[in-house]
Amino acid sequence: MNNNSKFSVEDLDLFYGDFQALKKINMEIQEKEITALIGPSGCGKSTFLKTLNRMNDLVEGVTIKGKISLDGKDIFKEMDAISLRTRVGMVFQQPNPFPMSIYDNVAYGPRIHGITKKSVLDEIVERSLRQAAIWDEVKDKLKKSALAISGGQQQRLCIARTLAIEPEVILMDEPTSALDPISTLKIEDLAVELKKDYTIIMVTHNMQQAARISDKTAFFLVGEVVEFDSTENIFNNPKDIRTEEYITGRFG
Amino acid sequence: MNKTSIKDSIAFKNREGNEKIFKYIFLSAALISVISVIAIIVFVFGKGIRPFFGDDAYSFTNFITGLRWAPSDNEFGIFYMIAGSLLSTLGAIVLGVPVGLLTAVYIAELAPKKIEAILRPAIELLAGIPSVIFGVFGLGIIVPIIKDISPQQSGQSMLAVILVLTMMILPTIISLSLSSIRAIPKSYKDASYGLGASKIQTIFKCILPAAKSGILAAVVLGIGRAIGETTAVMMVAGNNSGGIPLSIWDKTRPLTSNVAMEMGYASGQHQELLFSTGVVLFIFIMVINYVLIKITSKVGSEGEKR
Ligand SMILES: Nc1ncnc2c1ncn2[C@@H]1O[C@H](COP(=O)(O)OP(=O)(O)OP(=O)(O)O)[C@@H](O)[C@H]1O
Ligand SMILES: [Mg+2]
């Protein structure tokens, strides 16, 4: 096993009832890198991502086999879901701020985890919003509803909200698919900036995006990882014909 | 080929006429409710304000601030009834809202399917039970128990009213809170769990705040139901002829009871003052409806922002 491995996935199978959504996934995800997950719709990217912070536990009828470890610790056997999720944050496809003020959105996580002191919360809120490159845009309206800002701003707010719980890994499920090109570029820049401190795993349907910002890319097809390699190799030198077909857009 | 065009059919030719007729049928159906409301308002208000005008006018101040209702002494004070109605309603809300809300949360978020399958029909049945049955139950079960433990001789009391009203508003509170909780987008819950919140934390910090307008509407509707309830409360209230209820053991005489008990035989000014009592009740209900409209329109605009 590689020393810098953050997540190590071994022979992961996942079933929704009888339907097998993930088949024998093996993957080493490196610390402080951006790993992109690509593949056609329905191939299991979101399912895989949600397995990494055990959000699939909330879905009825899910069975999981195999092993996933975070820093060498089994996330199913040696950790509870709550402490796992404070270490592995998640940003969803649709921006989903709570219907509360911007401030309360960012403070939600810290409050859940027992921080009540106003000065500490203030500091966390400001730091997280700065890290998510949205502080300047919202600093004068922290008490305003988070639903009243633009979709791109909402998504960066959701990233700030995730950063506020100081995770080590950030999972992003098509974080820019609902956004305009300028907001998309902002989020991409942000991801590159964040990778200095965080491990990022990002699902994307946008090939250019994967090529631009990721270090490693995994290509999924009907529940399997066809190819997992450096982004450079995947895009310039794919070993599997199916990968090549997919990235060049010739796929089915 | 000889095609018969659909346009030749009689139904098509008549359709425009049919549309017009149906429009008027719909319109007149809709007008019935408007006309009913207007008729009731004109009638009740018209009769209800008459006793305060003319040669033998009854003092409005005495009516609204009076602490005794004694038609035989020509004394008609309803302040103690207003107080009784409001205090009983308050009591029912204080008991009914927490119980109803917890039930709704339980059904929406925690209950296994099997338990939900028992709870929901039970609640629907509770909503369908006629008022008089609640009264019978109150009189047969609740009042005797209260009589045993009360420092006063009678079991008919404000406490009995509160308990009966609580049972009666529970279905309203539960079903409305439940639908507002169910309407919360799953994405809010995902966000909360994703931040490492437990189920209970998610319920109290995320779900209930997000559902608060709907819950508030449920509470207001519950207040309306409680303040307007007549038959059941009349049977358990004791309906004293004077004095503000100072403790839950005291008898009380809700505004609704007053009208329902005496309207049958009253005449003259006495009867008109019963209409006046109805007007006061009506004003309370209108205020409650106004608040409800304000709250629900706010719910609507929050929805649009999503
Ligand atoms: N809760 C669920 N219950 C049953 N089947 C599910 C569930 N969620 C996903 N699936 C199935 O699992 C497969 C993988 O779904 P998943 O959402 O992971 O795909 P995806 O790669 O993220 O697709 P997309 O690019 O469209 O988001 C699909 O066939 C989907 O229908
Ligand atoms: Mg997906």
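Not measured: the values here are computed from a predicted model.

Trainee: Looking at this structure, how should I read the state of the cysteines?
Mentor: Covalent bonding between the sulfur atoms of two cysteines defines a disulfide. Summed over the entire model, instances satisfying the criterion amount to zero disulfides over all chains. Among the cysteines around B:C206, which has no disulfide bond, A:C158 carries the closest sulfur, lying 12 Å off. Judged by relative accessible area, which is 2%, B:C206 ranks as buried.

Trainee: What's the story with the site of ligand 1 in this structure? I'm lost.
Mentor: Residues and elements named next belong to chain A. Surveying the vicinity of ligand 1 reveals 13 residues, the closest of which are S41, K45, S46, T47 and H205. At a separation of 3.4 Å, an oxygen atom of ligand 1 approaches a polar side-chain atom of E174. Considered on its own, ligand 1 offers 630 Å² of accessible surface; in the complex 63% of this is hidden by protein. Elements supplying a minimum of two residues to the shell around ligand 1: β2 (19-30) and α1 (45-52). A per-element tally of the shell around ligand 1 places α1 first, with three residues. Here the residues of the shell around ligand 1 sort into five nonpolar, six polar and two charged.

Trainee: Is there a simple way to explain the pattern of salt bridges in this structure?
Mentor: Between side chains of opposite charge, a pair can form when the charged atoms approach closely. One pass over the full model with this rule turns up 28 salt bridges over all chains. The network of salt bridges with shared partners includes A:K6, A:E31, A:D71, A:R87 and A:E168.

Trainee: Please explain the domain arrangement of chain B as it appears in this structure.
Mentor: Note: interface size is frequently given as the accessible area lost on complex formation between the parts. Residue and element names in this part refer to chain B. The domains assigned to chain B are domain 1 (3-52) and domain 2 (60-305). The straight-line distance from the C-alpha centre of domain 1 to that of domain 2 is 34 Å. Taken together, the ten residues of domain 1 in the interface contact 13 residues of domain 2. Each partner contributes to the roughly 1,000 Å² buried at the junction of domain 1 and domain 2, and carbon and sulfur atoms together form 80% of this total. Linking domain 1 with domain 2 are one salt bridge, by the criterion used here. E272 is paired through a salt bridge with R50; the nearest N and O atoms lie 3.4 Å apart. Summed over the shared surface of domain 1 and domain 2, the number is two residue pairs in polar contact (both at pLDDT 80 or more). Its residues assigned to classes, the side of domain 1 that touches domain 2 comprises seven nonpolar, one polar and two charged.

Thresholds applied
Residues numbered from 1 in each chain as written. Chains lettered and ligands numbered in written order. Predicted model: local features only at pLDDT ≥ 70, side-chain atom pairs only at ≥ 80, totals over all residues. Heavy atoms only, no water. Disulfide = S-S within 2.5 Å. Buried < 20%, exposed > 50% of the residue type's maximum accessible area, 1.4 Å probe, protein only. Near = heavy atom within 4 Å. Polar contact = N/O pair within 3.5 Å; in protein donor to acceptor, adjacent residues only side chain to side chain. Areas by Shrake-Rupley, 256 points an atom, 1.4 Å probe, with all protein chains shown as cover. Helix = DSSP H or I, 4+ residues; strand = E, 2+ residues; numbered from the N terminus. Nonpolar A, V, L, I, M, F, W, Y, C, P; charged D, E, K, R; others polar. Salt bridge = Lys/Arg side-chain N within 4 Å of Asp/Glu carboxyl O. Domains from an automatic or database assignment. Contact = heavy atoms within 4.5 Å. Buried area = accessible area lost by both parts, 1.4 Å probe.

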